[in-house]
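Architecture at a glance
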Amino acid sequence: MLLAVLLPFIIAIIIPFLSKWKDKIHPGYFVTIIPALIFIYFARFLGSNFEPVMREYSWIPSLDINMVFYLDGLSLLFVLLISGIGALVAFYSIFYLHKSEQLGHFYVYFLLFMGSMLGVVLSDNVFVLYSFWEFTSLSSFLLIGFWNYKKESRYGALKSMLITVFGGLSLLGALVFMTVLTNTTSIQEMISQQQLILNSEYFPLILALLLLGAFTKSAQFPFHIWLPDAMEAPTPVSAYLHSATMVKAGIYLVARYSPMLSSSDWFFIIVSSVGIITLCWGSYMAVRQTDLKGILAFSTISQLGMIMSMLGFGTKVAVFAAVFHILNHATFKGSLFMVAGIVDHEAGTRDIRKLGGLMTYLPITATLALFGTFSMAGVPLPFLNGFYSKELFFDASLHLDEIANVGVVGFIKMLLPYLAVFGSIFTFVYSVYFFFGTFRGKSHLEELPKKPHEAPIGMLISPIILILGVILIGLFPKWINEPFIAHAASAVKGLEVQKEIYFWHGFLYPPLIMSITVLVFGTVLYLSRKQWAPVYRIIPGVLSMNKFYDGLVDRLETYSSTVTKGYMNGSLGRYVRLVLAAILIVTFAFMAITGGFTVDTSNLADVSLPEIFVAITMVIAAVGTILTNNRITAILILGVVGYGLSMLFVLYRAPDLALTQLIIETVTVALFLLVFYHLPKLRKKEEAASTRMLNLIISVGFGAMMTMIAISAHSSKWFESISSYFIDNTYKLGGGDNMVNVILVDFRGLDTLFEIVVLGIAAMAIYGLIRLPGKKEEK
Amino acid sequence: MEFIMAILAGILFTTGIYNLLQKQLLRIIIGTGLISHGAHLFILTMGELKTGKPPILTEGVENYTDPLPQALILTSIVISFGVTSLLLVLAYRASQVNGTDNMEQLRGNDYE
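All figures in this text were calculated on a predicted structure; none of them were measured in a lab.

1. As for the overall build of chain A
For chain A, the count of helices and strands is 33 helices and 2 strands. Taken over the C-alpha trace, chain A has a radius of gyration of 36 Å; the compact-globule value for 779 residues is 28 Å, which it surpasses by more than 25%. In terms of its C-alpha atoms, chain A occupies a principal-axis envelope of roughly 115 × 70 × 55 Å. Counting contacts in chain A only where the partners sit at least 6 residues apart, residues at least 24 apart contribute 79% of the total. Accessible surface for chain A amounts to roughly 34400 Å². Of this, 69% is attributable to carbon and sulfur atoms.

2. A short note on helix H15 (residues 316–347) of chain A
Compared with the 46 Å implied by 1.5 Å per residue over 32 residues, the 45 Å span of H15 of chain A between its first and last C-alpha is a close match. Counted residue by residue, H15 of chain A has 30 buried out of 32 residues, so it is predominantly covered.

3. With respect to the UniProt feature "transmembrane region" (unreviewed entry) in chain B
Residues and elements named next belong to chain B. If you check UniProt for "transmembrane region" (unreviewed entry), the listed places come out as residues 6–21, 28–47 and 67–92 in our numbering. For the annotated span residues 6–21, helix accounts for 94% and strand for 0% of the residues, and the straight-line distance between the end C-alpha atoms is 23 Å. Helix makes up 100% of residues 67–92 and strand 0%, with an end-to-end C-alpha separation of 38 Å.

4. Topic: the UniProt feature "domain: MrpA C-terminal/MbhD" (unreviewed entry) in chain A
Residues annotated by UniProt as "domain: MrpA C-terminal/MbhD" (unreviewed entry) correspond here to residues 617–681 of chain A. Each end of residues 617–681 of chain A is marked by a C-alpha atom, and these two atoms are 26 Å apart; helix forms 83% of the span and strand 0%.

5. Description of helix H14 (residues 292–313) of chain A
Residue and element names in this part refer to chain A. Between its first and last C-alpha atoms H14 spans 32 Å; for 22 residues at 1.5 Å apiece the expected length is 32 Å, and the two agree. In terms of burial, H14 is largely enclosed, as 22 of its 22 residues are buried. By the N-cap criterion, in which a side-chain oxygen at the helix start approaches the backbone nitrogen of a residue two or three places on, H14 is capped by Asp291, the distance to Lys293 being 3.1 Å. Where H14 terminates, the next one or two residues include Gly314, which has phi positive at roughly 75°.

6. Quick notes on the packing of aromatic side chains
All names here are of chain A. Per the counting criterion, the structure on display carries 33 aromatic pairs over all chains. Here the aromatic rings of Tyr41 and Phe42 are separated by 4.9 Å at their centres, their planes lie at 85°, and the arrangement is edge-to-face. Given the relative accessible area of 27%, Tyr41 is considered partly exposed. Taking relative accessible area as the criterion, Phe42 reaches 0% and is therefore assigned buried. Here Phe78 and Tyr252 contribute two aromatic rings whose centre-to-centre distance is 5.3 Å and whose plane-to-plane angle is 80°, an arrangement assigned as edge-to-face. One end of the pair, Phe78, is in helix H3 (residues 73–96); the other, Tyr252, is in helix H12 (residues 246–261), with 174 residues separating them in the sequence. Here the two residues Phe78 and Tyr252 agree in accessibility, since each one is buried. Grouping aromatic residues by their ring pairs yields a cluster made of Phe106, Tyr107, Phe110, Phe113, Phe146, Trp147 and Tyr240. Cation over ring: Arg44 sits above Phe45, and NZ or CZ is 5.4 Å from the ring centre. Here the guanidinium or amino end of Lys217 rests over the ring plane of Trp133, the centre of that ring lying 5.0 Å away.

7. Topic: the environment of Leu111 of chain A
Residues and elements named next belong to chain A. Along the chain, Leu111 turns up in helix H4 (residues 103–122). Classification of Leu111 as buried rests on a relative accessible area of 0%. In contact with Leu111, not counting residues within four places along its chain, are Pro8, Ile11, Ala12, Ile15, Val31 and Ile34.

8. Describing the interface of chain A and chain B
Each partner contributes to the interface: chain A provides 107 residues, whereas chain B provides 78 residues. Carbon and sulfur atoms make up 74% of the surface buried where chain A meets chain B, a total of about 8600 Å² over both sides. The interface formed by chain A and chain B holds 0 salt bridges in total. Summed over the shared surface of chain A and chain B, the result is 13 residue pairs in polar contact (both at pLDDT 80 or more). Residue composition of the side of chain A that touches chain B, by class: 61 nonpolar, 27 polar and 19 charged.

9. Some points on the nonpolar core
All names here are of chain A. With 205 residues, the main nonpolar core has Phe42 and Tyr257 as its most contacted residues. Of all the elements, H15 adds the most residues to this core, at 20 residues. With residues near it in sequence (within four places) discarded, Tyr257 still touches Val126, Leu175, Met178, Ile187, Met190 and Leu210.

10. Details of the UniProt feature "domain: NADH-Ubiquinone oxidoreductase (complex I) chain 5 N-terminal" (unreviewed entry) in chain A
As annotated in UniProt, the feature "domain: NADH-Ubiquinone oxidoreductase (complex I) chain 5 N-terminal" (unreviewed entry) corresponds to residues 60–107 of chain A in the numbering used here. A helix fraction of 60% and a strand fraction of 17% characterise residues 60–107 of chain A, whose end C-alpha atoms lie 30 Å from each other.

11. Concerning the pairing of strand S1 (residues 53–60) of chain A
All names here are of chain A. As defined by bridge partners, S1 adjoins strand S2 (residues 65–71) across 6 bridges and the pair is classed as antiparallel. Looking at the pairing, Tyr57 lines up with Met67 of S2. The hairpin turn running from S1 into S2, its antiparallel successor, is 4 residues long, and Asp64 in that turn takes a positive phi close to 60°.

12. Points about the side chain of Asn738 of chain A
Considering the arrangement of structural elements, one finds Asn738 of chain A in the loop between helix H30 (723–734) and helix H31 (739–747). We classify Asn738 of chain A as buried; its relative accessible area is 16%. Excluding its chain neighbours within four sequence positions, the residues that come into contact with Asn738 of chain A are Asp656 and Thr730 of chain A together with Pro55 and Ile56 of chain B.

Cut-offs used in this document
- Residues numbered from 1 in each chain as written.
- Chains lettered and ligands numbered in written order.
- Predicted model: local features only at pLDDT ≥ 70, side-chain atom pairs only at ≥ 80, totals over all residues.
- Heavy atoms only, no water.
- Helix = DSSP H or I, 4+ residues; strand = E, 2+ residues; numbered from the N terminus.
- Rg over C-alpha atoms; globule rule 2.2 N^0.38 Å.
- Contact = heavy atoms within 4.5 Å.
- Areas by Shrake-Rupley, 256 points an atom, 1.4 Å probe, with all protein chains shown as cover.
- Expected span 1.5 Å × (residues − 1).
- Buried < 20%, exposed > 50% of the residue type's maximum accessible area, 1.4 Å probe, protein only.
- UniProt positions renumbered as here; feature names shortened; annotations may be inferred.
- Polar contact = N/O pair within 3.5 Å; in protein donor to acceptor, adjacent residues only side chain to side chain.
- Phe/Tyr/Trp six-rings, centres within 6.5 Å; stacked < 30°, edge-to-face > 60°.
- Lys NZ or Arg CZ within 6 Å of the ring centre and 35° of its normal.
- Buried area = accessible area lost by both parts, 1.4 Å probe.
- Salt bridge = Lys/Arg side-chain N within 4 Å of Asp/Glu carboxyl O.
- Nonpolar A, V, L, I, M, F, W, Y, C, P; charged D, E, K, R; others polar.
- Core = buried A, V, L, I, M, F, W, Y, C linked by side-chain atoms within 4.5 Å.
- Pairing = 2+ DSSP bridges.

Have a look at this one:
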């Protein structure tokens, strides 16, 4: 199973080498095989006697982060969707993307995305899940921005990334909370210890953070705004990411945690109301769109809202319908995206106002679209899978028996069936609009950039397979129910869910009446849409989340650039001052808070005259370097400080130091004298008095700080000195008498080795700098 | 005595930093030299001064000065020599190529 998840990543490394031969063979053929293999591998698990499988691979055991893969019904559903649709989309992309595109990049991103999606739905370890989760955001950013020369692509990619990564971070917060509360990183164990989380005082926060992650990923209102802009991606990407996979990651997350969360009233209130609002808003907005993919984007938003609200209901029927609809939505929406891609490819535009009457030119595509749209609309016909799940949705909204009837919960419960019908009416309208607007009516061939004709057969194969799925699921729902959907639903509900899917329940079956209501009102609204279209000018009007997002991003960019420009003016002196001031403030504050400054006058060495004399000389010399304006004087008195220091080393019984310091100081002074001749003369200080004052304050402050640290370090003995080890073992282990030398070449030999390396690098740099031809010589 | 040495180290730091904040490259290099002197004294002071004989094993001597700070300082002296010489050559090249050794004028291209 580890190999199945990592296979896309491994292949992604190879793709760049393969794409060298892209003139001969399209790399898409090669890529198609990968998800197909993964699909076959996981399809073996299908069957009515399926049992969850768990595989563990050690990764970072010390942090309790391991590659734990848990395959239950829910994961199986998603894995098969990801790999199945992935194979179809990869195959479709062979005909959609021309060889002149940067195919290497595209398929690398594609495989990265697929691998991380598989990781998300299979991981049982929350931190592994989170890593894969962010990886999907990242790779979808790259996929959406694939045509990065287009401004809209870059905008859409950035927007989707900002919103989903924001959600990802809040998800991380929830995961950390839950890990700390339950002391485990496994999702299954968290669910088995759910009382610890449910009864915690942090529960509302955890719920909010978790749902924020799910809602942003699954484009729920009001975070849905990134999805329409993400339509700038190449159509295969939209078909893959925005119908079957990435946007369903949020659904997956909610479904995965619903055995734990669904017992909470707040879960019902938030998830079902956000879901139902998204359903209504998405379908309402979809009718207004003029771009085919725009319609599909809002349609996806609304369908996701529908699934989300059903997960919120949490009843057996609702969960079953939600899982069923995840599958159905992937089939019809995937094929519709591909249809939109074909229309774009063959007619040169996706603008529905220019399209029309294409049925005669693209008969096969039109047939596919007919099935896809009608399934989406939930037209009551026995060979459309969309109808089944739509009817189950109505059924679920009517039978919320497990939910209490009081307060807010009761109010929402009462509203749900009406809102469900309302949203579905608009779903019907835009579905019909999509089909009739594109394929029926008068054709305006002169407005199209290309003369339309039927797509090549390769491009049609993938949508045909998906539409066959729509029809087969519609005709024989039993085939997938027992071995597949029932397991997934049971995994979400946490207990056995068995549900028979029927087409016909009799005339007076309430959901059927709701479906027929939708049909009637939908037709009326579609026919009269020109009359009521002005309503869009009032809602959403100015109340658009997009404006909020744009304003926020704009503001952030302006502020951060103002702030950065405020202190980054290119003057190195200023940067040094800022760094030093920061060190000063932090250290002094820390000292003041912790009471770190201590003075202990016991155990001091006695004061002797020679030391005082040397010290005074050094102070005078050090101050002299500042006061003098003569280069030679400055260099020589720097030498005085150095020699003074070596005298101190002698006094403090450090013969090696004294010797080294003496040699080094001599060489340094010589070096200074060699170079200074080439440097400009020292100037009088021409700075403003305020700058000089500031420099003085910083330097005196820093000196005072170092003195205080030195005194405190001497006065407080928190730990035993480790020096006795060296004193005892110098001869025993190092075989030498001079402790300092033994420490350098033996105990800390590696240190010294690197020191030599540093000196070597410095020497090479110096040599290079001297030999480097200057500007003047070049001319 | 340690306190006096601590104050001396502090003064070395003060003068070093003050030089570092000047505009001329030569002053800045002098500043780094002073700072490294200060740092060496600082490390030495953190151990105990004059508590025993020099750290060379001798018959009959039990009490030695702490050898660890000395080893650290020895490394540091050599490294700071490398740094100083590199800085000097860098300053030489910079003033030759750019015609100035004033740091305020040596900024990235964005600010020209």
